[in-house]
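# Structural overview for review
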Amino acid sequence: MKNPKILFYRNPSMGACPECGTVGMLKKSRSRNLWEQLSKKLTPYKYYRCRSCGWRGKISTYTFTKESVKSIFFYLVLMAVSVFIIKTVIEKLLLR
């Protein structure tokens, strides 16, 4: 495993607009109501607006890569094996 990071920050303002596809035209948009403010603070999604077509919506600021998915899978398997071993050892000790 090359990089142990699971999530990577990405700057959506440098990406392409989901509606028109132009690159580098996204800018951060203000929250309009309480629901958007809560969503902005509690989730990795932030509101952006396209300068060329006017599209407005949520875009994630974090992304998974192929390596990070492998890392997550590895840690889940490691956790499952550890739980199985601990469970087996406890059962052996209690049956004595």
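First, a word on what this report is: a plain description of the structure on this page. If you're wondering where the values come from, they're calculated on a predicted model, not measured in any experiment.

## Examining the nonpolar core
Cys17, Leu26, Tyr48, Cys50, Trp55 and Ile59 together form the largest nonpolar core, which totals six residues. Ile59 has contacts with Arg10, Pro12, Pro18, Leu26, Pro44, Tyr45, Lys46 and Tyr48, leaving out every residue within four places of it along the chain.

## Some remarks on the pairing of strand S4 (residues 56–60)
Sheet faces and side chains relate simply in a regular strand, where the side chains alternate between the two faces. Most of S4 sits out of view: four of its five residues are buried. Sheet analysis places strand S3 (residues 45–50) next to S4, joined by five bridges and oriented antiparallel. By the bridge assignment, Tyr45 is partnered in S4 with Ser60.

## Some thoughts on the packing of aromatic side chains
Under the criterion given, the structure shown has one aromatic pair. When the ring centre of Tyr45 is taken as origin, the NZ or CZ atom of Lys58, which lies over that ring, is 5.9 Å away.

## Looking at the sheet that holds S3
Two modes of strand pairing occur in sheets, parallel and antiparallel, and in both the strands are linked by backbone hydrogen bonds. Here three strands make up an open sheet; going across it, the order is S2-S3-S4 and the pairing antiparallel. Here the strands that pair on one side only, and so sit at the sheet edges, are strand S2 (26–28) and S4. Averaged over all adjacent pairs, the angle separating strand axes in this sheet is 50°, with direction ignored. Here helix H1 (residues 34–42) sits on the sheet and contacts S3 and S4; the angle it forms with S3, its principal contact strand, is near 120°.

Calculation notes
- Residues numbered from 1 in each chain as written.
- Predicted model: local features only at pLDDT ≥ 70, side-chain atom pairs only at ≥ 80, totals over all residues.
- Heavy atoms only, no water.
- Core = buried A, V, L, I, M, F, W, Y, C linked by side-chain atoms within 4.5 Å.
- Buried < 20%, exposed > 50% of the residue type's maximum accessible area, 1.4 Å probe, protein only.
- Contact = heavy atoms within 4.5 Å.
- Helix = DSSP H or I, 4+ residues; strand = E, 2+ residues; numbered from the N terminus.
- Pairing = 2+ DSSP bridges.
- Phe/Tyr/Trp six-rings, centres within 6.5 Å; stacked < 30°, edge-to-face > 60°.
- Lys NZ or Arg CZ within 6 Å of the ring centre and 35° of its normal.
- Axes fitted to C-alpha atoms, helices over the stretch in contact; angles between N-to-C directions.

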